[in-house]
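# Structural description and commentary
Now for the letters of each chain:
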Amino acid sequence: MTPVTCIEDLRALARRRVPRMFYDYVDTGSWTQSTYRANEADFQQLKFRQRVAVDIGQRSTRSTMAGQAVAMPVALAPTGMAGLQHADGEILAARAAERFGVPFTLSTASICSIEDVAAHTHAPFWFQLYVMRDRDFVVRLIERARAAACSALVLTLDLQIQGQRHQDIKNGLSVPPRFTPSSLWAMLSRPRWCAGMLGTPRRNFGNIIGHAKGVNSVAGVAEWTLRQFDPALNWNDVAWIRRLWDGKLILKGVQDAEDAQLALASGADAIVVSNHGGRQLDGAPSSIAALPAIVEAVGERIEVHMDGGIRSGQDVLRARALGARGTYIGRAFLYGLGALGEAGVTRTLEILHKELDLSMAFCGHTDINAVDRSILLPRT
Ligand code: FNR
């Protein structure tokens, strides 16, 4: 096999190894995909200032995110159904993150459950909460995250309703997969993936099955989940969750300076500037374009993180330069997972780390915490 040297190599390999409907689920955005594309493209507009003859012998990318020490300011973003990119996907990704020293965030819509991930890892992970109409279920989820010693709660605010991804409809994406001739072919043509899936019991929404009232069949879980996203979610609910969870609270999905001020007032510890990876409001600005105004609006009063479009360590550096204390990767790690399982997620992290470390050094810096906007050239 030719060596994997960049995230694009992992994407290409994942495309060959993951059945079409699950690969497409990852590598798409909503409607015209303009925001999805802008997330990546806008990073390229930011040019670095190279410096020379600076002593760059000793370097560190170590930092903190929401008070937690990190080997580099990159966390694994919550992503639904990662366990369908590769058998036991969430457990494998959490292990890779733990070994590397970065946070892993488990989605409410994961395949492996909170308890299962906790049983197969040592380091505390973060839990991402979707607020469902069934508030008893939400309370129980928070209790389960606490019992599993999760060290932060990431509350997602931008998915009360769902953007449409045309390809998921065309592919008949469902959990568990519906067996039609084309879906059967998509799976059987990926024998390595099939062997993994046949060897694991984890094939459905682990946080929901056996925990949600009125979910009587395995097939009913997906419909329940879709029906349950609560369009009524508002800042009073954020205040309610703030009272229920006394650990670190991170609000994900903020795109606007006014919302950032409301997030600050809610008593949260951090916000994630995010457009859900271009999967919700198509036509919204890229996350990296939205970041500076939000940093300006809240200053140092709340930690600002960002995600969307990060495909290299240079992108992480650009986000840091524009004021993001931390970043998250979604697709970059999912490609690694689909391509090579746990080793692929480790490879993703190694690639990003090396690119971040060297690019920081080219800009004349040795400590990621000292990087600021001055490493970027003024926009022409
Ligand atoms: C997501 N994202 C997401 N966010 C969330 O809060 N809960 C979730 O369950 C999911 N599920 C999900 C599935 C898939 C396949 C993707 C690609 C994304 C959004 C995610 O946390 C993050 O915001 C984006 O992935 C960041 O963009 P990049 O890094 O993928 O470009």
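Structural data are supplied above this passage.
All residue numbers refer to position in the chain's written sequence, counted from 1. The predicted nature of this model means local features are confined to residues of pLDDT at least 70 and side-chain atom pairs, given and counted, to a pLDDT of 80 or more, with totals for whole chains, interfaces and linings taken over all residues. Values shown for side chains rest on all heavy atoms present in the structure; no hydrogens or waters enter the calculation.

With that out of the way, let us pick up the pairing of strand 8 (residues 270-273). By the alternation rule, side chains of strand 8 split into Ala270 and Val272 and Ile271 and Val273, which are all buried. Inspection of the sheet shows strand 7 (residues 248-254) paired to strand 8 by four bridges, in the parallel sense. Bridging across to strand 8, Leu251 finds its partner in Ile271. Following the chain from strand 7 across helix 12 (residues 257-265) to the adjacent parallel strand 8, one finds a crossover that is right-handed. In the sheet, strand 8 pairs with strand 9 (residues 303-307) via four bridges, with the strands oriented parallel. What sits directly across from Val273, in strand 9, is Met306. Only protein chains enter the accessibility calculation, which uses a 1.4 Å probe; a residue is then buried when its area is under 20% of its type maximum, exposed when over 50%, and partly exposed in between. Secondary structure follows DSSP: runs of H or I at least 4 residues long count as helices, runs of E at least 2 residues long count as strands, and numbering of each begins at the N terminus. A pair of strands counts as paired when DSSP detects no fewer than two bridges linking them. Handedness of a crossover is defined as follows: with both strands directed away from the viewer, a clockwise route from the first strand across the helix to the second makes it right-handed.

Of the voids in this model, the largest pocket is the one considered here, and its volume is about 1,100 Å³. As for the largest pocket, its lining consists of 48 residues, of which Tyr25, Met81, Gln162, Arg165 and Arg279 are closest to the centre. Listed by contribution, the elements that provide at least two residues to the lining of the largest pocket are helix 2 (20-26), helix 7 (166-171), helix 10 (220-228), strand 10 (326-329) and helix 15 (331-362). Broken down by element, the residue count for the lining of the largest pocket peaks at four residues, all from helix 10. Class assignment for the residues of the lining of the largest pocket results in 21 nonpolar, 18 polar and nine charged. Think of a 1 Å grid over the protein atoms and nothing else: a 1.4 Å probe that fits but is trapped marks a cavity, an open set flanked by protein within 12 Å on at least five of seven lines marks a pocket, and residues with an atom within 4 Å of a point count as lining. Grid points are joined across faces, edges and corners, and a volume is the space filled by probe spheres set on the points. Residues are grouped as follows: Ala, Val, Leu, Ile, Met, Phe, Trp, Tyr, Cys and Pro are nonpolar; Asp, Glu, Lys and Arg are charged; all remaining types, including Gly, are polar.

Right, let's get into the packing of helix 14 (residues 313-321) against helix 15. For helices, the fitted line uses only the C-alpha atoms of the stretch in contact; every axis is such a line through C-alpha atoms, and the angle between N-to-C directions lies from 0 to 180 degrees. At a minimum axis distance of 7 Å, the contact between helix 14 and helix 15 shows a crossing angle of 55 degrees. By the criterion of interaxial angle, the relationship of helix 14 to helix 15 is oblique. For the crossing formed where helix 14 meets helix 15, the hand is right-handed. Only Leu352, Glu355, Leu356, Ser359 and Met360 of helix 15 make contact with helix 14, whose side of the interface consists of Gly313, Gln314, Val316 and Leu317. Throughout, the term roughly parallel applies to angles under 35 degrees, roughly antiparallel to angles over 145, roughly perpendicular to angles from 65 to 115, and oblique to all others. Here a crossing is taken to be left-handed if its near helix is turned anticlockwise relative to the far helix by less than a right angle, and right-handed if that turn runs clockwise. Contacts between residues were defined by any pair of non-hydrogen atoms, one from each residue, lying within 4.5 Å.

For the rest of this paragraph, the subject is the sheet that holds strand 6 (residues 152-156). Strands sit in the order 3-10-9-8-7-6-5-4 across an open sheet of eight strands; the sheet is parallel. This sheet does not close on itself; its edge strands, each paired only once, are strand 3 (74-76) and strand 4 (105-106). Note: strand 9 against strand 10, three bridges, orientation parallel. Paired with Asp307 across the strands is Tyr328, a residue of strand 10. Taken strand by strand, helix 15 contacts strand 3 and strand 10, and its axis lies near 155 degrees from that of strand 10.

Geometric values such as these leave the question of function open.
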